[in-house]
Amino acid sequence: MFFSQAGARPRMWEASPSEHKKWVEVFKACDEENKGCLSRENFKVAVVMLFGYKPSKIEADAVMSSVDPNTSGILLKEFLDIVRKKKEAQLYWNEIRHIFTAFDRHYRGYLTLEDFKKAFKQVAPKLSERIILEVFRDEVQESFTMSLRAADFKEQDAGLPWWSGG
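Note that the structure is predicted; figures quoted are calculated from it, not measured.

Chemist: How should I be thinking about the packing of aromatic side chains in this particular structure?
Modeler: Aromatic ring pairs are described here by two measures, namely the spacing of the ring centres and the angle between the planes. Considering all chains together, one arrives at three aromatic pairs under this definition. Between phenylalanine 27 and phenylalanine 79 the ring centres are 5.5 Å apart and the planes differ by 50 degrees, which places this aromatic pair in the tilted class. Of the two residues, phenylalanine 27 sits in helix H2 (residues 17–30) while phenylalanine 79 sits in helix H5 (residues 76–103), which places them 52 residues apart along the sequence. Note on accessibility: phenylalanine 27 and phenylalanine 79 belong to one class, buried.

Chemist: What exactly am I supposed to notice about the UniProt feature "domain: EF-hand" (unreviewed entry) in the protein here?
Modeler: With numbering aligned to this structure, UniProt lists the feature "domain: EF-hand" (unreviewed entry) at residues 18–53 and 91–126. With 69% helix and 6% strand, residues 18–53 has its two end C-alpha atoms placed 22 Å apart.

Chemist: Teacher, can you tell me more about the packing of H2 against H5 here?
Modeler: The angle between the axes and the distance between the axes are what describe a pair of packed helices. Following both chains from N to C, one finds H2 and H5 inclined at 125 degrees, their axes separated by 10 Å at the closest point. In terms of orientation, H2 lies oblique with respect to H5. Judged by the twist between their axes, the crossing of H2 over H5 is right-handed. Here H2 contributes Glu19, His20, Trp23, Val24, Val26 and Phe27 to the contact with H5, which in turn contributes Leu76, Phe79, Leu80, Val83, Arg84 and Lys87. Its residues placed into classes, the contact of H2 with H5 shows eight nonpolar, one polar and three charged.

Chemist: Teacher, can you tell me more about the nonpolar core here?
Modeler: Nonpolar side chains in soluble globular proteins tend to be buried together. Judged by nonpolar contacts, the single largest core of 18 residues is most densely connected at Leu38, Phe43, Leu50, Ile74 and Phe79. Of all elements in the fold, only H2, helix H3 (40–51) and H5 reach the threshold of two or more residues within this core. Once you skip the residues sitting within four places of it in the chain, isoleucine 74 turns out to touch Phe27, Gly36, Cys37, Leu38, Phe43, Val63, Met64, Val67, Phe79 and Ile82. Counting residues in hydrophobic clusters, the runner-up holds ten residues, among them Phe100, Ile132, Val135 and Phe136.

Chemist: Would you mind going over unusual backbone geometry with me for this structure?
Modeler: Of all residues except glycine, most have a negative phi; of all peptide bonds, most are trans. Phi is positive for asparagine 34, which is not a glycine, with a value near 50 degrees. Counting through the fold element by element, asparagine 34 comes out in the loop between H2 and strand E1 (37–38). Asparagine 34 gets classed as exposed once you look at its relative accessible area, which sits at 66%.

Chemist: Would you mind going over the side chain of aspartate 104 with me for this structure?
Modeler: You can see aspartate 104 is positioned in the loop between H5 and strand E3 (110–112). Among buried Asp, Glu, Lys and Arg side chains, aspartate 104 stands out as unpaired, with arginine 108 the closest opposite charge at 4.5 Å. Polar contacts involving the side chain of aspartate 104 include one to the main-chain amide nitrogen of glycine 109, which spans 2.7 Å. Beyond its immediate chain neighbours, meaning those up to four positions away, aspartate 104 contacts Gly109, Tyr110 and Leu111.

What counts, and where the lines are drawn
Residues numbered from 1 in each chain as written. Predicted model: local features only at pLDDT ≥ 70, side-chain atom pairs only at ≥ 80, totals over all residues. Heavy atoms only, no water. Phe/Tyr/Trp six-rings, centres within 6.5 Å; stacked < 30°, edge-to-face > 60°. Helix = DSSP H or I, 4+ residues; strand = E, 2+ residues; numbered from the N terminus. Buried < 20%, exposed > 50% of the residue type's maximum accessible area, 1.4 Å probe, protein only. UniProt positions renumbered as here; feature names shortened; annotations may be inferred. Axes fitted to C-alpha atoms, helices over the stretch in contact; angles between N-to-C directions. Parallel < 35°, antiparallel > 145°, perpendicular 65-115°, else oblique. Left-handed = near helix turned anticlockwise from the far one by under 90°. Contact = heavy atoms within 4.5 Å. Nonpolar A, V, L, I, M, F, W, Y, C, P; charged D, E, K, R; others polar. Core = buried A, V, L, I, M, F, W, Y, C linked by side-chain atoms within 4.5 Å. Lys, Arg positive; Asp, Glu negative; His and termini not counted. Salt bridge = Lys/Arg side-chain N within 4 Å of Asp/Glu carboxyl O. Polar contact = N/O pair within 3.5 Å; in protein donor to acceptor, adjacent residues only side chain to side chain.

Below you can see the structure in the form of structure tokens.
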């Protein structure tokens, strides 16, 4: 994707004091045995409480594999870092979706080459049409339609999951 090729990354984001406090409260509420760490199942409950979805087995496995083996679960500091990364990824995707929607003038859910050219003329008027065409073709090379969907528009971070820090 052209965002990752250009080096675009989610910006470092800091939680507000009230949001940080909420994360700590969720951690404590899910730490049922007051061990100071979350088990795999307790972590899943915490994610549901904060983000409204249950993490997949793969997601939970990846998070748990990154935990210090000398502890019996995810410590508060690790949990806060995981939640911050998830929030950054969520905010970044929302920003990408917002930009894509601004360029999708006809509300079709995809950009045609003409839409793409018009968008670049607005944000980078001196960029050559050849470069715009190359970027567009790179983005849709696996697509059978010459259009660019919102999912194609999003940075893929070389397949790295949000908790890895990219």
